[in-house]
Amino acid sequence: MTSSFSNKLAARRGCRGFTLAELAIVLLVVAVLLGGLLMPLSAQIEQRNLEETRRRLDEVREALIGFAEANGRLPCPASATSDGREAFCTGASGACGPELYAPPDPNHGRCAAFYDGFVPAVTLGLAPVDSQGYLPDAWGTSARNRIRYAVAPNTVAGVDYAWTGSGPGRGPRAAGLTNLGEVSKQYLWVCSGLPNTETGGSCDPAVKLTDNAPALVYSVGKNATDPASGTTGDEAANPNPNGGTADQTFVSRTSSPAGAAGGQFDDIVTWVPLPVLLNRMVAAGQLP
Amino acid sequence: MVLLVLFVAVGAYLLVSRLGAAQLRSARGSTAALAMARDALIGRALADDNRPGSLPCPDTDDDGAVNGVAGNCTSSYLGRLPWKTMGLADLRDAAGERLWYVLSPALRDNEAAWPINGDTHATLTVDGADEIAAVVFAPGAALAGQNGRPGNAVADYLEGANADGDDAYRTGAPGEAFNDRLLVVRRSELMHAVASRIAGEALKCLHDFAAANSGRYPWAADVTASASGNYSDTDRTHFGRLPHGLDATSASLGITASWPAGCGLASPWWADNGWGQFVFYSLAPEFAPDAAPSPVCAGSCLAVANAAGGTDVRVVVIVAGEPLSGQHRVTAADRSGVANYLEGENATPADGRFERRAPGTAFNDVVVFE
């Protein structure tokens, strides 16, 4: 018995443990593998945010078309202070005056913020909204990540604010289907690069995607919280938390890092195609 | 052992995440792009200013703009979808390719294609089904032999019957030799959308006419006379085609009546495309031109079934769709028969009762009223 016990003891002594070096190698390998795993994980999260934001933009686009089917006009953008409701001017012409929040809907259709407003999520009944009633993109819930919305302010066939006006003698029905549907009506311009001659609504033919978008929805992307972004290069064409020009011209293109031609760009832009909107409004009996 | 497990776990994770995301994107991407293209094509067709129902020529050089001369598709009827001209985004299928598109030559936006209306024959077929107005293709990834990408040759993008240059196209299960995805725009759905516009134009004309004439509407044009092309209104006629001339109405009203400004009926395209044959009109006797000003319903107003607010109706406009089985519109005698245009309750107008139904193989009237 004693001898067998001592034999076992001897055998156990012969079984060596891990050396520090071996342990270090294993940890290193695990660390490398985990690193390899985590890198694509952050990329995946980024991708998921991108897809989710695109999905929300598509949802807004459908909601805008649905609003037009039900109301015969497009909604005005929400302003920074309208808590997710449509924001109109008080005056139909001249000074804008204090903002009016629909309902009741002032039928002149003059929006307080045609180009640099937000999705009127409360008016459209969209969710999820932040505590102020705005629809955020997938990157965050701060005011900088709110999804933005622009609508064409054009006069068509003598009807002022033809897309947003309502009531007798105003709005799309008064402007007329064929007048609204003319080619190159020059509603909102979407360019694939910064226009050389951006003068309140135009871009060079070489970079023009469309000049016929009645409404446009965009997210300023992940870099919204970076105070240096969005004020230079192509992003500056799209009004954003840090600046940008508020006019009828917008830029939509694939994303690029800082230092690329046109600068850092991560805005995600979509618009309501004119023929699709006309199709659905006619089907709903809102036009002609 | 630990390492092995880790390797397998990491490998499996990467594989699954890639596969799942890729598959999801491919299914969603192509479907959404095709649906958007179809909506836009129908919208483009119905909003056209002089040939409602006409379609744009395709883009044959991949710049996003239509190719052709004044709507005559001189290069080809098959090419890429002209996304830029149509105001669309740069639509791509799941493989990142732009969409392709073919239109029926009879629906091109050119004078030579006049008239374009519900009787216009669309010549494309898909899997043998005829009267196809247009087809939108998602070409998918390049298959064996399709080495010319990027390029503009059809065979580098579409396969088999879709690339052989004739008007017969086909769908199929994706595989080694075929991976086109098709979305079909049928003449029936295209013309139903256009008929909605025509109906809207007609009702707008009538609405504006009544507003200018103390609530009274014009007499209808006799069905038999209008079948031979005489669209003058006919005295004491409460049902017929929508009139172009308003002499009888003027006589009843005691003034020279005319269609108001901005009325589509008065535009040349209405007659040029022969829409007059398709637009029927019924008038409640209380609101006829010989009634006293500011009339109200007094027992003989019209009714429209299956429609909100379809009682005490003053006027009904019915736009006929494409000819259904058994409907013939060749001779003047054919065109004098209301049943060759309208279906169901709408084919018996004398009772003042009309109906709305979902469009299908037994009913395709568009009914609007006020």
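Cut-offs used in this document
- Residue positions are counted from 1 within each chain, in the order its sequence is given.
- Going through the entries in the order they are written, you letter the chains from A and number the ligands from 1.
- Residue-level local features of this predicted model are given only where pLDDT is at least 70; pairs of side-chain atoms are given and counted only at 80 or more, and the full residue set underlies all totals for whole chains, interfaces and linings.
- The basis for the side-chain values is all heavy atoms of the structure; hydrogens and waters are excluded.
- Only protein chains enter the accessibility calculation, which uses a 1.4 Å probe; a residue is then buried when its area is under 20% of its type maximum, exposed when over 50%, and partly exposed in between.
- Comment: elements are numbered from the N terminus, with helices defined as DSSP H or I runs of at least four residues and strands as E runs of at least two.
- Strands pair, by our definition, only if DSSP identifies at least two bridges between them.
- Every residue pair with non-hydrogen atoms within 4.5 Å of one another is taken to be in contact.
- Throughout, buried area stands for the accessible area (probe radius 1.4 Å) lost by two parts on being put together, summed over both.
- Here a salt bridge means any side-chain nitrogen of Lys or Arg lying within 4 Å of a carboxyl oxygen belonging to Asp or Glu.
- The aromatic pairing rule takes the rings of Phe, Tyr and Trp, using the six-membered ring of Trp, and pairs them if the centres are within 6.5 Å, calling planes under 30 degrees apart stacked, those over 60 edge-to-face and the rest tilted.
- Only Lys NZ and Arg CZ are tested; either one counts as a charge over a ring when it is within 6 Å of the ring centre and within 35 degrees of the ring normal.
- In this analysis, axes come from line fits to C-alpha atoms, helices being fitted only over the stretch in contact, and the angle between any two N-to-C directions falls in the range 0 to 180 degrees.
- The pLDDT value tells you how sure the predictor is about a given residue, anywhere from 0 up to 100.
- The definition used for a disulfide is geometric: two cysteine sulfur atoms within 2.5 Å.

J.: What am I meant to see in the pairing of strand 4 (residues 129–138) of chain B here?
T.: Residue and element names in this part refer to chain B. Across the 10 residues of strand 4, eight count as buried, placing the element largely inside the fold. Here four bridges tie strand 2 (residues 100–103) to strand 4, and the two strands are oriented antiparallel to one another. The residue bridging Trp100 from the neighbouring strand is Phe137, located in strand 4. Inspection of the sheet shows strand 3 (residues 124–126) paired to strand 4 by two bridges, in the antiparallel sense. Its bridge partner being in strand 4, Leu124 is matched across the sheet by Ile132. Sheet topology places strand 4 next to strand 6 (residues 181–186); six bridges connect them, and they run antiparallel. Following the sheet pairing, Ala138 is matched in strand 6 by Arg181.

J.: I would appreciate a short explanation of the sheet that holds strand 3 (residues 117–118) of chain A in the present structure.
T.: Residues and elements named next belong to chain A. Spatially, four strands are ordered 3-4-7-9 in an open sheet, and the strand pairing comes out antiparallel. Each edge of the open sheet carries a strand with a single partner, namely strand 3 and strand 9 (268–272). As paired strands, strand 3 and strand 4 (residues 148–151) are joined by two bridges and run antiparallel to one another. Paired with Gly117 across the two strands is Tyr149, which belongs to strand 4.

J.: Mind showing me how you'd approach the interface of chain A and chain B here?
T.: Often the size quoted for an interface is simply the accessible area lost on bringing the parts together. The interface is formed by 25 residues belonging to chain A together with 31 residues belonging to chain B. Contact with chain B buries surface across chain A, with Leu33(A), Asn279(A) and Pro288(A) losing the most and accounting together for 21% of the total. Along the contact surface separating chain A from chain B lie one salt bridge. A salt bridge links Asp39(B) to Arg280(A); the shortest N-O distance between them is 3.6 Å.

J.: Is there a simple way to think about the packing of aromatic side chains in this case?
T.: How two aromatic rings sit relative to each other is set out by the distance from centre to centre and by the angle between their planes. Under the definition given, this model contains 15 aromatic pairs over all chains. Here Arg146(A) stacks its cationic end above the ring of Phe118(A), 5.9 Å away from the centre of that ring. When the ring centre of Phe178(B) is taken as reference, the NZ or CZ atom of Arg170(B) above it lies at 4.3 Å.

J.: Would you mind going over the sheet that holds strand 10 (residues 315–319) of chain B with me for this structure?
T.: The strands that make up a sheet pair up through hydrogen bonds in the backbone, lying either parallel or antiparallel. All names here are of chain B. Taken together, the four strands give an open sheet; going across it, the order is 7-8-10-12, and neighbouring strands pair in antiparallel fashion. The strands lining the two open edges of the sheet, one partner per strand, are strand 7 (239–241) and strand 12 (366–369). This sheet shows a mean twist of 20 degrees between the axes of neighbouring strands, independent of strand direction. Looking at chain direction, strand 7 and strand 8 (residues 279–283) are connected through three bridges and run antiparallel. Residue pairing across strands places Arg241 opposite Phe280, the latter belonging to strand 8. Of the strands in this sheet, strand 8, strand 10 and strand 12 are in contact with helix 2 (residues 187–212), which crosses strand 10 at around 150 degrees.

J.: It is not clear to me how helix 6 (residues 274–283) of chain A should be interpreted in this structure. Could you clarify?
T.: Residues and elements named next belong to chain A. Burial analysis of helix 6 places nine of its 10 residues in the buried class, the great majority of the element. Those residues of helix 6 not exposed but buried are Leu274, Pro275, Val276, Leu277, Leu278, Asn279, Arg280, Met281 and Val282. Where helix 6 terminates, the next one or two residues include Gly285, which has phi positive at roughly 80 degrees.

J.: Please explain the confidence of the model for chain B as it appears in this structure.
T.: Low-pLDDT portions of the prediction should not be read for the details of their coordinates. All names here are of chain B. Residues of chain B with pLDDT of at least 70 account for 92%, and the chain-wide mean is 89. Model confidence for chain B, summarised as mean pLDDT per element, is weakest for helix 1 (residues 2–46) at 71 and strongest for strand 10 at 96. The ipTM for the predicted assembly is 0.86, set against a pTM of 0.87.

J.: Help me out: how do you make sense of the state of the cysteines in this one?
T.: Covalent bonding between the sulfur atoms of two cysteines defines a disulfide. Taken as a whole and judged by the stated rule, the model has five disulfides over all chains. Each sulfur in the disulfide pair Cys76(A) and Cys111(A) lies 1.9 Å from the other. An S-S torsion of about -80 degrees defines the bridge between Cys76(A) and Cys111(A) as left-handed. Here Cys76(A) is found in the loop between helix 2 (20–71) and strand 1 (87–88), whereas its partner Cys111(A) is found in the loop between strand 2 (100–101) and strand 3, with 35 residues between them in sequence. For the pair shown, Cys76(A) and Cys111(A) are each scored as buried. The disulfide that involves Cys57(B) links it to Cys73(B), with 2.1 Å between the sulfurs. In this structure the cystine formed by Cys57(B) and Cys73(B) twists about its S-S bond by roughly -90 degrees; its chirality is therefore left-handed. Residue Cys57(B) is found in the loop between helix 1 and strand 1 (78–80), and its partner Cys73(B) is found in the loop between helix 1 and strand 1; the two are separated by 16 residues along the sequence. In this pair, the class of Cys57(B) matches that of Cys73(B), namely buried. Described in terms of the sequence order of its bonded cysteines, the disulfide pattern of chain B is 1-2, 3-4, 5-6.

J.: Please clarify how unusual backbone geometry should be interpreted in this entry.
T.: Most peptide bonds take the trans configuration, and most residues that are not glycine carry a negative phi. Residue Pro288(A) is reached from Leu287(A) by a cis peptide bond, and omega for that bond is 0 degrees. As for its position among the elements, Pro288(A) is in the segment after helix 6. Between Trp114(B) and Pro115(B) the backbone carries a cis peptide bond, its omega angle lying at -10 degrees. Looking at where Pro115(B) falls in the secondary structure, it is placed in the loop between strand 2 and strand 3. Of note, Glu131(B) is a non-glycine position whose phi angle comes to about 55 degrees, a positive value. Assignment of secondary structure puts Glu131(B) in strand 4. The class for Glu131(B) is buried, based on a relative accessible area of 16%.

J.: Please clarify how the environment of Gly128(B) should be interpreted in this entry.
T.: Residue and element names in this part refer to chain B. Within the element layout of this structure, Gly128 appears in the loop between strand 3 and strand 4. Relative accessible area serves as the criterion here: at 63%, Gly128 is assigned to the exposed category. For the pair formed by Gly128 and Glu201, sequence separation is 73 residues and the distance between their alpha carbons is 35 Å.

J.: Explain the pairing of strand 12 of chain B to me, please; I cannot follow it from the model alone.
T.: It is a general feature of regular strands that their side chains alternate between the two faces of the sheet. Residues and elements named next belong to chain B. Alternating positions in strand 12 separate into two faces, Val366 and Val368 on one and Val367 and Phe369 on the other, with burial throughout. The pairing of strand 10 with strand 12 spans four bridges and is antiparallel. If you follow Val316 over to strand 12, its bridge partner there is Phe369.

J.: Help me understand the pattern of salt bridges in this model?
T.: A side chain of one charge can pair with a side chain of the opposite charge if their charged atoms are brought near each other. The tally for this structure, following the rule as stated, stands at 28 salt bridges over all chains. One salt bridge connects Asp234(A) with Arg253(A), and the closest N-O pair in it is separated by 2.5 Å. Here the residue Asp234(A) occupies a position in the loop between strand 7 (215–219) and strand 8 (249–251), and Arg253(A) occupies one in the loop between strand 8 and strand 9, the gap between them amounting to 19 residues. Taking the relative accessible area as the measure of exposure, Asp234(A) reaches 6% and is therefore buried. For the salt bridge of Arg187(B) with Glu131(B), the shortest nitrogen-to-oxygen distance reads 3.4 Å. Taken together, the residues span a long stretch of sequence, with Arg187(B) in helix 2 and Glu131(B) in strand 4 at a distance of 56 residues. On the basis of relative accessibility, which here comes to 4%, the residue Arg187(B) falls in the buried class. Shared partners join several salt bridges into a network, and the residues in it are Asp62(B), Arg80(B), Asp90(B), Arg92(B) and Arg98(B).

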